[in-house]
Amino acid sequence: MSAFIALARRDLALALRAGGGGLMGLAFFAMTLTLVPLGVGPEPAVLARIAPGLIFVAAALAALLSLERLFQADYEDGGLDLLWLSPLGGPLIVIAKCLAQWAAAGLPLVIAAPVFALMFHLTGPAIAPLVGALLIATPAFFVIGSLGAALTLGVRRGGLLIALLVLPLYVPFVIFGVAAVDAAQMGHPAAPHLMLLGGLSLLALIFAPLASAAALRISLD
Amino acid sequence: MSDVASRLTTRFANPAQFLSVAEKAAPWLWGAALATLAIGLVLAFRAPPDYQQGMSVKIMYVHVPAAWLAMMCYSVMAGASAIGFIFRHPLADVAAKSAAPIGAVFTALALVTGSLWGKPMWGAYWVWDARLTSMLVLLFLYLGYIALWAAIEEPVRAGRAAGILAIAGFVNVPIIKFSVDWWNTLHQPASVFRMDGPAIAPSLLWPLLVMGIGYTLLFVALLLVRMQTEILERRARRLRLEAVDRSGGEGLL
């Protein structure tokens, strides 16, 4: 247990220190969301209609950005080989790293989401489901993204390839997350959608680290 | 029974043996595929027009089998990847790699013919219907798989990485279908034409089945060709690397 916490803390410290840390993902998130009204027009009704989907897509892309660095540095300097020898085992290493990355890059997005919800004229009842859906979905974004990062380890300029591999796997999370917020906007209960989203997220949290560990094993052999 | 199966798979585990068997089987497969497709097309042209859609229902005979094959190819790809991981069959990842581009083309064919069918029927080339969106995401799954193969230089490593991706994607395909279906019923209570279902008349069903079998035979024939090519390419790569080794690193420029 202490090994898990130690690894998570180490990765969190590295993520927060390196190149702007989580703030860069947040800045990307903010800039993307700022571009949209410039393209779509400032009409509140239109913005409120598209806001949930946009915020989710922007969060997914911002998560993707930070994923390239998940294993790269450790792989290059040999740290990953040493971590592999620890009693944690592959999947727990992946979970610890994803947890740290999420705390550094995903959690700021969740916290900042209400601000952007207000900027997009999302009404009051929709904001809590939005934060809840992002809170549930972003950890899944990171573990599924870790699969993409593990598969493309050592591939040069693998950033876009990670996006191509991982975005189809994000589809169910975006759909259910946005459905929750839309339901709340229309006055229906968002809880069923959030529960489905939670179920999918738990599935991802269990199976994606297994697959990522298998993918890492390929590169480490 | 399992003895026969294991003997069959171990026989075809040797690439050289596989090559010789594939070469012998190829003309028969091509002949059967082209004959079945020809018969299917004749039956399709002679089938009666639909009472609602008229003659444009004939696109169904190209579109529906392509969609079936798109799903089937992905299953073949994922199944071959799983066999590669579990049984370490040497040709499993070759089969998976070879199936991917064929499946991608079938998916693209289904999407394009579907959109050509959609214009006269629904008035739109594309709608964000559950099934169409799932097929589009399937196409991206194929493209990602092919891209991963292309990105990793060493074949065995690439095969194992791509295998993990294929299995992860296969698990996700029903989830995508289910979630997109859900999304569609939430946002779009569309009045979409529902052509499928067991209520299709036999005179329309038989050409469809024959075309389906023809497409499947075509897929197998193409798969064998691609597998032969892949095996030969790996041989060529090995020979090149050995030549570089022997020449003391000067290489063949």
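The structure displayed is predicted, hence computed values, not measured ones. (Residues numbered from 1 in each chain as written. Chains lettered and ligands numbered in written order. Predicted model: local features only at pLDDT ≥ 70, side-chain atom pairs only at ≥ 80, totals over all residues.)

## Regarding the overall build of chain B
Condition: Helix and strand definitions follow DSSP, with helices as H or I runs of at least four residues and strands as E runs of at least two, each counted in order from the N terminus. Using C-beta atoms placed from the backbone, we call a residue buried if 20 or more other C-beta atoms fall within 10 Å of its own, exposed if 12 or fewer do, and partly exposed for counts in between. Any pair of residues counts as being in contact when their C-beta atoms, constructed from backbone geometry, are within 7 Å of one another.
Secondary structure summary: chain B contains 7 helices and 0 strands in total. Listing each helix as α and each strand as β along chain B from the N terminus yields α-α-α-α-α-α-α. Of all 253 residues assigned to chain B, the portion counted as buried reaches 33%. A fraction of 78% describes how many contacts in chain B between residues 6 or more apart in sequence connect residues 24 or more apart.

## Quick notes on the interface of chain A and chain B
It is common to give the size of an interface as the accessible area lost on bringing the parts into contact. Rules: Each residue gets one label: Ala, Val, Leu, Ile, Met, Phe, Trp, Tyr, Cys and Pro are nonpolar, Asp, Glu, Lys and Arg are charged, and the others, such as Gly, are polar.
With 20 residues of chain A at the interface, the matching set in chain B holds 24 residues. Secondary-structure elements contributing two or more residues to the side of chain A that touches chain B are α7 (124–151), α8 (159–185) and α9 (191–220) of chain A. For the side of chain A that touches chain B, the element with the highest residue contribution is α8 of chain A, accounting for 10 residues. Among the residues making up the side of chain A that touches chain B, the classes are represented as 18 nonpolar, 2 polar and no charged.

## A closer look at the packing of helix α3 (residues 44–67) of chain A against α7 of chain A
Residues and elements named next belong to chain A. This is how it is decided: For every element, the axis is a line fit to its C-alpha atoms; helices are fit only across the contacting stretch, and the angle between N-to-C directions ranges from 0 to 180 degrees. Note on convention: near helix rotated counterclockwise from far helix by under a right angle means a left-handed crossing. Clockwise means right-handed.
Direction vectors running N to C along α3 and α7 enclose 35 degrees, while the axes themselves pass 9 Å from each other. In the crossing of α3 with α7, the sense of the turn from one axis to the other is right-handed. Contact residues: α3 offers Pro52, Ile55, Ala59, Ala60, Ala63, Leu64 and Leu67, while α7 offers Leu130, Leu134, Thr138, Phe141, Phe142, Gly145, Ser146, Gly148 and Ala149. Taken together, the residues of the contact of α3 with α7 break down into 12 nonpolar, 4 polar and no charged.

## So, the environment of alanine 133 of chain A
Residue and element names in this part refer to chain A. Tracing the backbone shows alanine 133 in helix α7. The class for alanine 133 is buried, based on 31 C-beta atoms found within 10 Å. Alanine 133 sits 46 residues away from proline 87 along the chain, and the two C-alpha atoms are 34 Å apart. Apart from the residues lying within four places of it in its own chain, the contact partners of alanine 133 are Gly177, Ala180, Val181, Leu194 and Leu197.

## Some remarks on the confidence of the model for chain B
All names here are of chain B. Cut-off, in case you're wondering: Within a predicted model, pLDDT stands for the predictor's per-residue confidence, ranging from 0 to 100.
For chain B, the mean per-residue pLDDT works out to 86, and 87% of the residues sit at or above 70. Within the model, the stretch residues 188–194 combines pLDDT values under 50 with 5 contacts to residues more than four positions away or in other chains. Reported confidence for the predicted complex is 0.89 by ipTM and 0.89 by pTM.

## A look at unusual backbone geometry
In this model, histidine 121 of chain A sits at a positive phi of 60 degrees, which is unusual for a non-glycine residue. Tracing the backbone through its elements, the reader meets histidine 121 of chain A in the loop between α6 (90–119) and α7. For histidine 121 of chain A, a count of 15 C-beta atoms within 10 Å translates into the label partly exposed. You will see that arginine 88 of chain B, though not glycine, has its phi angle at about 55 degrees, which is positive. Assignment of secondary structure puts arginine 88 of chain B in the loop between α3 (60–87) and α4 (92–122).

## Considering helix α4 (residues 69–76) of chain A
Residues and elements named next belong to chain A. So the rule is basically this: Here the arc refers to the set of directions running from the helix axis out to each C-beta atom.
By the burial criterion, the buried members of α4 are Leu70, Phe71 and Asp74. Projected down its long axis, α4 carries its buried residues within an arc of 70 degrees, all on one side. In this fold, the buried residues of α4 make contact with α3, α5 (79–84), α6, α7 and α9. Where α4 terminates, the next one or two residues include glycine 78, which has phi positive at roughly 85 degrees.

## Digging into the environment of proline 202 of chain B
Counting through the fold element by element, proline 202 of chain B comes out in helix α7 (residues 202–246). For the pair proline 202 of chain B and alanine 47 of chain B, spaced 155 residues apart in sequence, the C-alpha separation works out to 9.8 Å.

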